[in-house]
Amino acid sequence: MATAIPETTAVYQDRDTTLRQIQDRVLWLAMQMVHYANNERPSPDGKVGGHQASSASVTTIMTSLFFDHMRAGDRISVKPHASPVYHAIQYLLGNLDGKYLKMLRGFHGLQAYPSQTKDPDSVDFSTGSVGLGPVAPNFAAITEEYLRAHLHFYNRSPRRYISLVGDAELDEGSIWEAISEPEMAALDNVLWVVDLNRQSLDRIIPGIRVQSWREMFAANGWNFIDVKYGRRLQSAFAEQNGELLQMCIDDMSNEAYQRLLRVDGAILREWLPRYSRFPRDLSRFISRWDDEEFRSLFSNLGGHDFSMLRDAFARADELRGPTVVFAYTFKGFMLPTIGDPRNHSNLLSETQMEELREHIGLAESEVWDDFDPRTAAGLACRSTAARLHSSTLRSPTALTPAIPTSIDHEYRGSTSSQQVYGLVLTDLARNLPEVADRIVTVSPDVASSTGLGGWINRAGVWNRTEPEQLPEEDASVLRWNESSQGQHIELGISENNLFMMLGQLGQSFEANGELLFPIGTLYDPFVRRGLDAFTYGMYSGAKFIVVGTPSGITLAPEGGAHQSFMTPSIGAEMPALDFYEPCFGKEVEWIMLSALEQVRRRERSTYLRLTSKRVEQSLFNLPDDAGAQDRLRRQVLSGAYRLVSRASEPQYAPGENVVNIMAIGAMIPDSIEASEELLREGVFANVINITGPGPLYRRYQESIDAAVAGGTTTPFLSDILSTEERHAPVVAVADAHPHSLVWIGGALGTKIVPLGVSEFGQSGNRSDLYKEYGIDVDSIVAACFTALDI
């Protein structure tokens, strides 16, 4: 009498049969998308590319995650080269129009790598810059924890944050920077699945790396689960002498294992015992299978076994803390290129595609089809789509009132733009609580030295667990009060983590339906260090404010390692970002308020480059008339205004004795002093305060684009300079590389002499450094004479 199969086992066997059908269709569609893009769609530029082997290795894992594990609200980051698999799944779930399957890597089609802002279907996390996509869900999980702690009405069901990681991505330093962030160790809802196909772009990864990775994850408080062998292979290991087979495979190098995958059964049977310490005994053990049976058994890895993956993911849900699953897979799974060290960018031929189609059992007329909804696979797709469906978001502008244009703070005496930044934050906390309650500041262990002290004293530091009670210390200027209600997040010294955190806080509305105003502060020179993550956040559509301070050689004693001069180029060139470098308090206030409104309206992010240089605020003339004040405010936000005008001087003659000094930030007081000295020499130097090179250049570029398109345009800076003045020579002054403002000469069609810092800085006092690098008052005066050919 036959033994009855347990009901639960039978259910899972049926489910796994359906999952294999879905897996095969996902694999086919992913391969077909790449094949069509490279062989059937016209491509005047030659090879389109795509990664068939890399996609194939994760087909089982992604089928398991989407169709067997994930629930509504779960968010997933998919390794870049699995883009075709992701879109194939979205198509089967009804989330992608079938026309896009023929538009992989095409204009207005599916992007090469998953993109939140460019792809037509919904993507949770952009990937492509390896090492960033995997860590984004970690910071997104922290963001949701922050919302849960601060918004009593936030009651979204617990969700899981999943990263599907290519094993070669673990070579990226950004991975380990994020893993070592202390906040990560307490995240119970973070799951990483490493696609351990043991191949990178050019090579097979040595096996020793896997053990090192396990140890590094464990050292940082992560759980790890190995999914190395499938059920059939484990059953073979459990037989008498089966440990010989396991020992042989375990001891074998990745290079040898990958090579044996590509031989036929007879050669495998001949060669495998050579890697065993007990070759004769192993030969006898494997003789119970014929060549094809044994070849199939040898390749039974856990990353392609639905029951093994199901158990691993269920176990991860039970564990406290984040979990990484090492899922052993084949690069090129089910493809003729399986395990080939050179299969990374290889494309299947027409013949190989036909063989794959026949193996999967698809008719020629079904190559772009989804499932018949009446079949088990079709029903599974429909039920999965319903299970994963999420609700629509509210309008972000309904969450908070419009940000006011001014808070009417009067700035007196000598103060720095960095100090004013801190004052604006405390004013917001005092006067606009409904806005301030949604502000969250972030800093990589430099809060006290970048102007955040007053804000932290008022808002506190966020700690998910109440800190240990300690004896009180003497009163301090900075009160480091930690609680679950604090609004400042202090990270370790990692600018990469800072921008990753900002990027996810800056997508809180899109991901969670709740608006935050994220403000990150760091030393300006280290914007460069976090640039990849900064770019990632902007590309993903995040909206935030970043403050780089102090900046330039104006930070004189600190020396060249802490003196930035390239960052203005980053600010001006980054898409969807407004870059400002204000000088006076009122400018900082207006820009900060405008930046918050930009975040509220989900329009642009803002980068402020500030300084610790104290500036006499009386140099700024705030009009009494409300209309004039608003016009000036708009000019500040547009990027430039006339601070010093010599047009009323009797002998003022553009074309003869007039020069326009275009200065920025810390260089404004020196430019005013130079203008006064020139006036005594009979030279009339207007001082134009370039408050925002970013919006100013965008304004110029928009006028050029309009002119090229045949539209009408307003001459550049015509709201500041008359026609005659626009043709006067320009001297540009920046505590930054001189090329950052040199474009203004071309925009005006006039001669320009740019002054700035084009070499690494050094320690010294400010006046000595200004003179050394040619941005002191005497150098500005000399440059004006040069511009006028005097």
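Everything quoted here is computed from the prediction, not taken from an experiment. Per chain, the residues get numbers from 1 upward, laid out in the order the sequence is written. Restriction of local features to residues with pLDDT of at least 70 applies here, the model being predicted, together with a cutoff of 80 or more for giving and counting side-chain atom pairs; totals for whole chains, interfaces and linings are based on all residues. Water and hydrogen atoms were dropped before computing side-chain values, which therefore reflect all heavy atoms in the structure.

Draft legend 1. Quick peek at the pattern of salt bridges. Salt bridges, as used here, are contacts in which a Lys or Arg side-chain nitrogen is within 4 Å of a carboxyl oxygen on Asp or Glu. Tallied over the entire structure, the rule returns 42 salt bridges. Asp195 is paired through a salt bridge with Lys79; the nearest N and O atoms lie 2.7 Å apart. Taken as a pair, Asp195 in strand β3 (residues 190-196) and Lys79 in the loop between β1 (75-77) and α4 (83-92) lie far apart in primary sequence, 116 residues in all. Of the two residues, Asp195 and Lys79, both sit in the buried class. The partner of Arg374 in a salt bridge is Asp372, and the shortest N-O contact between them spans 2.7 Å. Each residue gets one of three labels from its accessible area relative to the maximum for its type: buried under 20%, exposed over 50%, partly exposed in between, using a 1.4 Å probe on protein chains only. According to the relative accessible area criterion, Arg374 is exposed, its value standing at 70%. Take Asp372: its relative accessible area is 31%, and that puts it in the partly exposed class. The secondary structure listing takes helices from DSSP runs of H or I that are at least 4 residues long and strands from runs of E that are at least 2 residues long, numbered from the N terminus.

Draft legend 2. Layout of the pairing of strand β20 (residues 752-755). Sheet analysis places strand β19 (residues 730-733) next to β20, joined by four bridges and oriented parallel. Within β20, the position partnered with Ala732 by the bridge is Pro754. When the strands point away from the viewer, a crossover counts as right-handed if the path from the first strand over the helix to the second runs clockwise. As a crossover connection, the stretch from β19 through helix α29 (residues 739-748) into β20 is right-handed. A pair of strands is considered paired only if DSSP assigns at least 2 bridges between the two.

Draft legend 3. Representation of helix α31 (residues 777-787) within the structure. Taken together, the buried positions of α31 are occupied by Val777, Ile780, Val781, Ala783, Cys784 and Ala787. Projected down its long axis, α31 shows its buried positions confined to an angular sector of 160°, all on one face. Residue contacts are defined here by distance: any two heavy atoms, one from each residue, within 4.5 Å place the two residues in contact. In this structure, the buried side of α31 is in contact with β17 (658-663), α26 (668-680), β19 and β20. To be clear, the arc concerns the directions from the helix axis to the C-beta atoms.

Draft legend 4. How the structure looks around α26. End to end, α26 covers 19 Å across 13 residues, agreeing with the expected 18 Å (1.5 Å per residue, within 8%). Of the positions making up α26, those classed as buried are Ile668, Pro669, Asp670, Ser671, Ile672, Ala674, Ser675 and Leu678. Phi turns positive one or two residues past the end of α26, at Gly682, with a value near 85°. What a helix is expected to span follows from its residue count: subtract one and scale by 1.5 Å.

Draft legend 5. Structural detail: the nonpolar core. Residues grouped as a nonpolar core are buried Ala, Val, Leu, Ile, Met, Phe, Trp, Tyr and Cys residues, joined through side-chain atoms within 4.5 Å. Counting residues in each nonpolar core, the largest one holds 149 residues, and the members touching the most others are Met62, Phe66, Leu170, Trp192, Leu245, Leu272 and Phe534. Per-element tally for this core: the top contributor is helix α1 (residues 7-39), with 11 residues. With sequence-adjacent residues up to four places away left out, Leu170 is seen in contact with Val165, Ile175, Trp176, Trp192, Val194, Trp213, Phe217 and Phe326. Membership of the second largest hydrophobic core comes to 78 residues, among which are Ala429, Phe565, Tyr641 and Ile775.

Draft legend 6. Examining a nonpolar patch on the surface more closely. Residues with no salt bridge and a relative accessible area higher than 30% make up the patches, which join like charges within 9 Å and nonpolar side chains (Val, Leu, Ile, Met, Phe, Trp, Tyr) within 5 Å. Accessible surface is estimated by sampling points in the Shrake-Rupley manner with a 1.4 Å probe; for residues, cover comes only from the protein chains shown. Taken together, the side chains of Ile267, Trp271 and Tyr275 make up a nonpolar region of the molecular surface, amounting to roughly 260 Å² of accessible area. With respect to the helices and strands, the residue Trp271 is situated in helix α11 (residues 265-271). By relative accessible area, Trp271 is classed as partly exposed at 35%.

Draft legend 7. Region of interest: the packing of helix α5 (residues 136-150) against helix α20 (residues 495-505). One way to put it is that α5 packs onto α20 with a least axis distance of 8 Å and a crossing angle of 60°. Overall, the two elements α5 and α20 adopt an arrangement that is oblique. As for how α5 packs across α20, the hand of that crossing is right-handed. Of the residues in α20, those in contact with Ala136, Phe139, Ala140, Ile142 and Thr143 of α5 are Asn497, Met500, Met501, Gln504 and Leu505. Only Asp, Glu, Lys and Arg are considered charged, only Ala, Val, Leu, Ile, Met, Phe, Trp, Tyr, Cys and Pro nonpolar, and every remaining residue, Gly among them, polar. For the contact of α5 with α20, the residue count by class is seven nonpolar, three polar and no charged. What counts as an axis is a line fitted to C-alpha atoms, over the stretch in contact for a helix, and the angles between N-to-C directions run from 0 to 180 degrees. Roughly parallel means an angle under 35 degrees; roughly antiparallel, over 145; roughly perpendicular, 65 to 115; everything else is oblique. Left-handed describes a crossing whose near helix is turned anticlockwise from the far helix through less than a right angle; right-handed describes the clockwise counterpart.

Draft legend 8. Molecular detail of a negative patch on the surface. None of His or the chain ends enter the tally, which takes Lys and Arg as positive and Asp and Glu as negative. Note on charges: their place is set at NZ of Lys, CZ of Arg, CG of Asp or CD of Glu. A contiguous patch of negative charge on the surface is contributed by Asp264, Asp290, Glu292 and Glu293. With respect to the element layout, Glu292 can be found in helix α13 (residues 291-298).

Draft legend 9. Structural view of the sheet that holds β20. Across the sheet, five strands lie side by side as β16-β18-β17-β19-β20; this open sheet has mixed pairing. At either end of the open sheet lies a strand with only one pairing partner, and these are β16 (641-644) and β20. Ignoring strand direction, the axes of neighbouring strands in this sheet form an average angle of 25°. Two elements, β16 and strand β18 (residues 684-689), share three bridges in a ladder whose sense is antiparallel.

Draft legend 10. Fine view of the side chain of Thr60. On the secondary structure map, Thr60 appears in helix α3 (residues 59-69). Take Thr60: its relative accessible area is 0%, and that puts it in the buried class. By the criterion applied in these results, polar contacts are pairs of N or O atoms within 3.5 Å in which, for protein atoms, one can donate a hydrogen and the other can accept it, and in which residues neighboring in sequence qualify only through two side-chain atoms. Only 2.9 Å separates the side chain of Thr60 from the side chain of His304, close enough to count as a polar contact. Apart from the residues within four sequence positions on either side, Thr60 is in contact with Gln23, Gly303, His304, Asp305, Phe306, Leu309 and Phe333.

Draft legend 11. Expanded view of the packing of helix α24 (residues 585-600) against helix α25 (residues 626-638). Following both chains from N to C, one finds α24 and α25 inclined at 70°, their axes separated by 10 Å at the closest point. Our classification of the angle between α24 and α25 gives roughly perpendicular. Note on element contacts: α25 touches α24 through Gln629, Leu632, Arg633, Val636 and Leu637, opposite Glu587, Trp590, Ile591 and Ser594. Looking at the contact of α24 with α25 residue by residue, the classes come out as five nonpolar, two polar and two charged.

Draft legend 12. Looking closely at the sheet that holds strand β2 (residues 161-166). Strand order in the open sheet formed by five strands is β1-β2-β3-β5-β4, with parallel pairing between adjacent strands. Every other strand in the sheet has two partners, leaving β1 and β4 (223-227) as the edge strands with one partner each. This sheet shows a mean twist of 15° between the axes of neighbouring strands, independent of strand direction. As judged from the six bridges shared by β3 and strand β5 (residues 323-328), these two strands associate in the parallel manner. Bridge pairing links Leu196 to Tyr328 in β5. Packed on one face of the sheet, helix α14 (residues 306-318) meets β3, β4 and β5 and runs near 170° to β4.

Draft legend 13. Structural context of unusual backbone geometry. Put simply, Thr549 and Pro550 share a cis peptide bond, and its omega is -10°. Position of Pro550 among the secondary structure elements: in the loop between β12 (545-548) and α23 (567-573). A positive phi angle, close to 60°, is found at Arg105, a residue other than glycine. Using a relative accessible area of 26% as the deciding quantity, one classes Arg105 as partly exposed.

Draft legend 14. Spatial organisation of the environment of Ile553. With respect to the secondary-structure elements, Ile553 resides in the loop between β12 and α23. With 213 residues separating them in the primary sequence, Ile553 and Arg766 have C-alpha atoms 7.5 Å apart.

Draft legend 15. Inspection of the environment of Ile179 at higher detail. Considering the arrangement of structural elements, one finds Ile179 in helix α6 (residues 173-179). Judged by relative accessible area, Ile179 falls into the buried class, the value being 1%. Linking Ile179 and Gly221, residues 42 residues apart in sequence, is a C-alpha distance of 8.9 Å. Setting aside residues no more than four positions away along its own chain, Ile179 makes contact with Asn138, Met184, Trp192, Phe217, Asn220 and Trp222.

Draft legend 16. Inspection of the environment of Met538 at higher detail. By secondary structure assignment, the location of Met538 is in helix α22 (residues 531-539). Between the alpha carbons of Met538 and Thr712 there is a distance of 31 Å; along the sequence they are 174 residues apart.

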